[in-house]
Amino acid sequence: MKLMVFPTAAQVDDAVAQRFVALLEKKPQAVLGLATGGTPVGMYARLVELYRQGRISFAKARSFNLDEYIGLPEGHPCSYLHYMRENLFDHVDFAPGAARVPDGHAADIAAAALAYDRDIALAGGIDLQLLGIGHNGHIAFNEPGTPWDSPTRAVQLDESTRRANARFFEDISQVPTQALSMGMKPILQAKSIVMMVLGADKADILARIVAGPADASVPATALLSHPDATVYADAAAARGLTSREVG
Ligand code: F6R
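The notes below deal with the structure included here. Keep in mind the model is a prediction, meaning the values are calculated, not measured. In this numbering scheme, every chain counts its residues from 1 along its sequence in written order. Reporting of local features is limited, given that this is a predicted model, to residues whose pLDDT is at least 70; pairs of side-chain atoms are given and counted only at 80 or more, and all residues count toward the totals for whole chains, interfaces and linings. Each side-chain value is worked out from all heavy atoms of the structure, with water and hydrogens disregarded.

1. Overview of the pattern of salt bridges
Okay, so step 1: For this document, the term salt bridge refers to a Lys or Arg side-chain nitrogen within 4 Å of an Asp or Glu carboxyl oxygen. A complete count under the given rule lists seven salt bridges for this structure.
Okay, so step 2: We note a salt bridge from Asp14 to Arg46, for which the minimum N-O separation is 2.5 Å. Of this pair, Asp14 sits in helix α1 (residues 9–26) while Arg46 sits in helix α2 (residues 41–52), and the two are 32 residues apart along the sequence.
Okay, so step 3: Throughout, exposure labels follow a simple rule: accessible area from a 1.4 Å probe, protein chains only, divided by the maximum for the residue type, with under 20% read as buried, over 50% as exposed, and the rest as partly exposed. With a relative accessible area of 28%, Asp14 lands in the partly exposed category. Secondary structure counts use DSSP, requiring at least four H or I residues in a row for a helix and at least two E residues in a row for a strand, with both numbered from the N terminus.

Right under this line is the structure:
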């Protein structure tokens, strides 16, 4: 796992956006793995800006998002489909149906999960997977203890995750208890992974990951043994690292 530290979050946004530019220049039909949450908002804004400048196109690309809540009413403003439309999909040129978010309203969630993994495999797997990280080390909604060969499936959200995400809702009682989450397996099968880590509140978990060891109790430590995973951190998130770790 490589670690890159930038003075500001805006510089992280730009560096990660450039990874998408470089990939789509080389492989316009690339398969992207996309994340939601507070962390990538600025990076998506940068991608929209680059698209408007004619420096990136998603016209031949496909994407698979990491997760979606189960149990929110259709069209709920806190759904991850809504988030992706607002932050990216409505502003760039994905072909209709090419940008996918897990269907948290599927009548048969288990079948939808199976189909999601099958569709990722049929697309040839994910070329570039974007990740954020939870304070407990979760990636997607793979909470601590998740086996690394887990498929996409319905998961129970940790109470700490519900508390962290309550800031997007009116109050915590409205945060769903379940989500449909991409599994550790399809994530780790991505050819390249970029994980964005921003802000002082992520300093402890970033230090734990960089120090190792890899252990299922901290899901993001799975990246330590991935052949092409890079963490993009801002200085605030990296403040718990030693100068040797930062390199
Ligand atoms: C989002 C996701 C989550 C978030 C994580 C961090 O699709 O899968 O793992 O990346 O919870 O969230 P923020 O960025 O809001 O701190």
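2. Notes on the packing of α1 against α2
Okay, so step 1: As a packed pair, α1 and α2 sit with axes 9 Å apart at the nearest point and diverge in direction by 50°. Considering the angle they form, α1 stands oblique to α2. By crossing handedness, the relation of α1 to α2 is classed as right-handed. Taken together, the residues of α2 that come into contact with α1 (itself represented by Asp13, Asp14, Val16, Ala17, Gln18, Phe20 and Val21) are Gly42, Met43, Arg46, Leu47 and Leu50.
Okay, so step 2: Each residue gets one of three labels, nonpolar for Ala, Val, Leu, Ile, Met, Phe, Trp, Tyr, Cys and Pro, charged for Asp, Glu, Lys and Arg, and polar for the others, Gly among them. Split into classes, the residues belonging to the contact of α1 with α2 amount to seven nonpolar, two polar and three charged. Fitted lines through C-alpha atoms give the axes, limited to the stretch in contact for helices. The angle between two N-to-C directions lies from 0 to 180 degrees. Note that the term roughly parallel is reserved for angles under 35 degrees, roughly antiparallel for angles over 145, roughly perpendicular for angles of 65 to 115, and oblique for everything else. Take the far helix as your reference; a near helix turned counterclockwise from it by less than a right angle gives a left-handed crossing, and one turned clockwise gives a right-handed crossing. The criterion used for residue contact is that any of the two residues' heavy atoms lie within 4.5 Å.

3. Quick word on the site of the ligand
Okay, so step 1: Nearness is defined per residue: one heavy atom within 4 Å of the molecule or strand is enough. The immediate surroundings of the ligand are formed by 14 residues, with Gly38, Thr39, Asp67, His138 and Lys202 found nearest.
Okay, so step 2: One of the side-chain nitrogen or oxygen atoms of His138 is found 2.7 Å away from an oxygen atom of the ligand.
Okay, so step 3: Two N or O atoms form a polar contact when they lie within 3.5 Å of each other; inside protein one atom must be a possible hydrogen donor and the other a possible acceptor, and for residues adjacent in sequence the pair counts only when both atoms belong to side chains. Note that an oxygen atom of the ligand is positioned 2.8 Å from one of the side-chain N or O atoms of Lys202.
Okay, so step 4: For the ligand, the cavity whose grid points lie within 2 Å of the majority of its atoms is the largest pocket. Buriedness for pockets is judged along seven lines, at least five of which must meet protein on both sides within 12 Å for an open set on the 1 Å grid over protein atoms alone, while cavities are sets there where a 1.4 Å probe fits but cannot get out, and lining residues have an atom within 4 Å of a point. Pocket or cavity membership: a molecule qualifies when more than half of its atoms sit within 2 Å of the grid points of that site.

4. Description of the side chain of Asn136
Okay, so step 1: Mapped onto the secondary structure, Asn136 falls in the loop between β6 (128–131) and β7 (153–156).
Okay, so step 2: Looking at Asn136, the relative accessible area reads 18%, which means it is buried.
Okay, so step 3: A distance of 2.8 Å separates polar atoms of two side chains, one belonging to Asn136 and the other to Glu143.
Okay, so step 4: Beyond its immediate sequence surroundings of up to four residues, Asn136 is in contact with Glu143, Pro144, Asp158, Ser160, Thr161, Ile205, Ser217 and Pro219.

5. With respect to the layout of surface pockets
A probe as big as a water molecule, rolled over the atoms, marks out the empty space that is left.
Okay, so step 1: Grid points are joined across faces, edges and corners, and a volume is the space filled by probe spheres set on the points. Roughly 470 Å³ of volume is contained in the largest pocket.
Okay, so step 2: Taken together, 27 residues line the largest pocket, and the ones lying closest to its centre are Gly37, Ile133, His138, Asn165 and Lys202.
Okay, so step 3: At four residues, the largest contribution of residues to the lining of the largest pocket is made by helix α5 (residues 159–165).
Okay, so step 4: Among the residues forming the lining of the largest pocket, the class breakdown is 11 nonpolar, 12 polar and four charged.
Okay, so step 5: Its boundaries defined by the atoms lining it, the second largest pocket holds a volume of some 350 Å³.
Okay, so step 6: Taken together, 20 residues make up the lining of the second largest pocket; nearest its centre are Glu68, Leu81, His82, Arg85 and Val101.
Okay, so step 7: At three residues, helix α3 (residues 80–87) tops the list of elements feeding residues into the lining of the second largest pocket.

6. What to know about the sheet that holds strand β9 (residues 192–197)
Okay, so step 1: The pairing criterion is simple: DSSP has to find at least two bridges between the two strands. In space, the seven strands of this open sheet follow the order β1-β10-β9-β6-β2-β3-β5, with parallel pairing throughout. Only two strands of the sheet have a single neighbouring strand rather than two, namely β1 (2–6) and β5 (99–100).
Okay, so step 2: Where β9 meets strand β10 (residues 229–234), five bridges bridge the pair, whose relative direction is parallel. Looking at β10, one finds that Val197 is bridged to Ala233.

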